[in-house]
Amino acid sequence: MTEKINSFPQVLTIAGTDSGGGAGIMADLKTFQMQKVFGTAVVVAVTAQNTLGVQKSFLLPLEMIDAQFASLAEDFHIRACKTGMLGDADHVHQVALNLQKYDFGPITIDPVMIAKGGAPLLSQDAVATVKNELLPLADLITPNLPEAETLTGIKVQDQGQYPELAHKLQDMGVKNVLIKGGHASSAEVKDYALFADGSDLWVSSSRIHTERTHGTGDTLAAAITAQLALGQSLPVAIKIAKKYVTKTIKETIQVGHGHGPLNHWAQ
């Protein structure tokens with residue numbers, strides 16, 4: 001009986017809230033639930049947000065970040081974790097310190113920089129801290145094209161440059177890289193994964209023309225995190241997550257007046 005205690009797959013999201021329910025920790029927890037893992041959270045920031053944009057945000061005190069990490073480490077057996085909105089350099093630094101202190105399994109970094117409505121979610125001074133302190137800890141990074149360009153300094157003209165972006169990010173210390181192609185203009189959404197052993201993978205889906213894509217990046221990274229906690233290999237986790245996210249966009253729900261949320265109930 002004793003060995004069954006704490007045996008259910010548990011995962012962690014380290015990010016900001018979205019009062020509109022479509023992105024951030026809210027999207028992560030919904031995704032975890034649908035992927036059949038138990039979700040926990042370290043709240044870094046609180047936002048006043050809806051489908052029209054981010055109206056206000058507040059970063060929690062650093063000691064509260066530490067307290068949440070310590071609380072989770074004391075009681076849970078977290079098998080995989082992910083990061084999202086981290087706010088500024090001080091908070092990125094504090095998260096990095098805690099990820100070094102506690103073993104929460106493979107770390108997926110979703111380098112959230114700008115909200116779907118255009119609001120900045122990561123300060124300019126924090127980008128260097130992400131590069132220097134967070135990326136070397138990452139088992140996987142999942143940038144979209146603007147984020148990959150910011151981190152690498154490479155301006156993307158076409159999909160043929162995705163491997164170059166991925167190799168540059170590996171040079172920064174990341175073991176595995178997933179470049180998301182949703183911001184490209186092609187008929188197919190093509191994502192490119194480069195793995196630590198040098199192998200790679202393209203995953204694609206037909207582009208769905210809709211404004212209801214709020215929380216797409218969060219949901220993809222959360223689904224990958226969940227699958228890793230369930231014991232899947234990274235290539236398989238990426239394929240499962242991509243398929244799930246495509247369905248959440250395709251099987252749309254009508255919520256809000258702007259960049260609407262995904263349908264996390266999609267099967």
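The chain is annotated in an unreviewed UniProt entry as Hydroxymethylpyrimidine/phosphomethylpyrimidine kinase of Lactobacillus kullabergensis.

## Re the overall build of the chain
Regarding its fold elements, the chain presents eight helices and nine strands. Against the 2.2 N^0.38 benchmark of 18 Å for 267 residues, the chain shows a C-alpha radius of gyration of 17 Å, consistent with a compact globule. Counting over 267 residues, the chain shows a buried share of 54%. For the chain, the share of sequence-separated contacts (at least 6 apart) that also reach a separation of at least 24 residues comes to 68%. Accessible surface computed for the chain: about 11900 Å², of which carbon and sulfur atoms make up 55%. Across the chain, the mean location of the 21 positive side-chain charges is 8 Å away from that of the 26 negative side-chain charges.

## Brief notes about the layout of surface pockets
By volume, the second largest pocket is sized at about 160 Å³. Along the walls of the second largest pocket sit Gly20, Gly21, Gly22, Lys30, Met34, Ile253, Val255, Pro261, Leu262, Asn263, His264 and Trp265, which together make up its complete lining. Looking at side-chain class alone, the lining of the second largest pocket contains six nonpolar, five polar and one charged residues.

## Topic: unusual backbone geometry
If you check the backbone angles, Asn6 has positive phi at about 65° while not being a glycine. The backbone of Lys36 shows a phi angle near 65°, a positive value even though the residue is not glycine. Along the polypeptide, Lys36 turns up in the loop between α1 (24-34) and β2 (38-50). For Lys36, a relative accessible area of 61% corresponds to the exposed category.

About the thresholds
- Residues numbered from 1 in each chain as written.
- Predicted model: local features only at pLDDT ≥ 70, side-chain atom pairs only at ≥ 80, totals over all residues.
- Heavy atoms only, no water.
- Helix = DSSP H or I, 4+ residues; strand = E, 2+ residues; numbered from the N terminus.
- Rg over C-alpha atoms; globule rule 2.2 N^0.38 Å.
- Buried < 20%, exposed > 50% of the residue type's maximum accessible area, 1.4 Å probe, protein only.
- Contact = heavy atoms within 4.5 Å.
- Areas by Shrake-Rupley, 256 points an atom, 1.4 Å probe, with all protein chains shown as cover.
- Lys, Arg positive; Asp, Glu negative; His and termini not counted.
- Charge placed at Lys NZ, Arg CZ, Asp CG, Glu CD.
- 1 Å grid on protein atoms, 1.4 Å probe; cavity = no way out; pocket = protein on both sides within 12 Å on 5 of 7 lines; lining within 4 Å.
- Points joined across faces, edges and corners; volume = space filled by probe spheres on them.
- Nonpolar A, V, L, I, M, F, W, Y, C, P; charged D, E, K, R; others polar.

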